[in-house]
Amino acid sequence: MKLIAIILGFIACFFAGSYWQKYQLLESGPAQLTEPLLLQSNPSAIGELPEGTILYPYSSDGGIETFVVFVSTKSLDLLIPHKFEQKFTVAPIDGYVE
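A brief report on the enclosed structure follows. (Residues numbered from 1 in each chain as written. Predicted model: local features only at pLDDT ≥ 70, side-chain atom pairs only at ≥ 80, totals over all residues. Heavy atoms only, no water.)

**Quick notes on the overall build of the protein chain**
For the protein chain, the helix and strand inventory stands at one helix and six strands. The contacts in the protein chain between residues at least 6 apart in sequence include a share of 41% that link residues at least 24 apart. Accessible surface, the protein chain as shown: approximately 8900 Å² in total, 62% of it carbon and sulfur. (Helix = DSSP H or I, 4+ residues; strand = E, 2+ residues; numbered from the N terminus. Contact = heavy atoms within 4.5 Å. Areas by Shrake-Rupley, 256 points an atom, 1.4 Å probe, with all protein chains shown as cover.)

Structure below.
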């Protein structure tokens, strides 16, 4: 019985820690770029986010933070639907400073 209680305690602690991490991430608030950030999705596709862009936290994993940027555009003819195997998949782009 003690062993079951210990195992359940560890499981509860794991879920509480996971929830706390997500809560802290959501409460951390947006960040603003202090200099341009280069973006790269593959070796031939390089772009840039300008200084002052607001980034919204999405996830944190071992020192790598993932942010969301909201883009407004009227150029809808440039967009085509994209399907992932799983509905809420995110395909991050690498950001770096040279």
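**Some points on a nonpolar patch on the surface**
Taken together, the side chains of Met1, Leu3, Ile4, Ile7, Leu8, Ile11, Phe14 and Phe15 make up a nonpolar region of the molecular surface, amounting to roughly 930 Å² of accessible area. In this fold, Phe14 is placed in helix H1 (residues 2–27). For Phe14, a relative accessible area of 56% translates into the label exposed. (Patch = residues over 30% accessible without salt bridge, like charges linked within 9 Å, V, L, I, M, F, W, Y side chains within 5 Å. Salt bridge = Lys/Arg side-chain N within 4 Å of Asp/Glu carboxyl O. Buried < 20%, exposed > 50% of the residue type's maximum accessible area, 1.4 Å probe, protein only.)

**Some remarks on the environment of Leu37**
Along the chain, Leu37 falls in strand S2 (residues 37–42). Measuring from C-alpha to C-alpha, the distance between Leu37 and Asp94 comes to 9.7 Å, with 57 residues separating the pair along the chain. Once you skip the residues sitting within four places of it in the chain, Leu37 turns out to touch Gly47, Glu48, Leu49, Gly95, Tyr96 and Val97.

**Structural notes on the sheet that holds strand S4 (residues 54–61)**
Either a parallel or an antiparallel arrangement is found when strands of a sheet pair, and the pairing is made through backbone hydrogen bonds. Taken in spatial order, the three strands make up an open sheet running S1-S4-S5, and their pairing is antiparallel. The sheet is open, and its two borders are formed by strand S1 (31–32) and strand S5 (64–68), each paired with just one other strand. Here S4 runs beside S5; their pairing, made up of five bridges, is antiparallel. By the bridge assignment, Pro57 is partnered in S5 with Phe67. (Pairing = 2+ DSSP bridges.)

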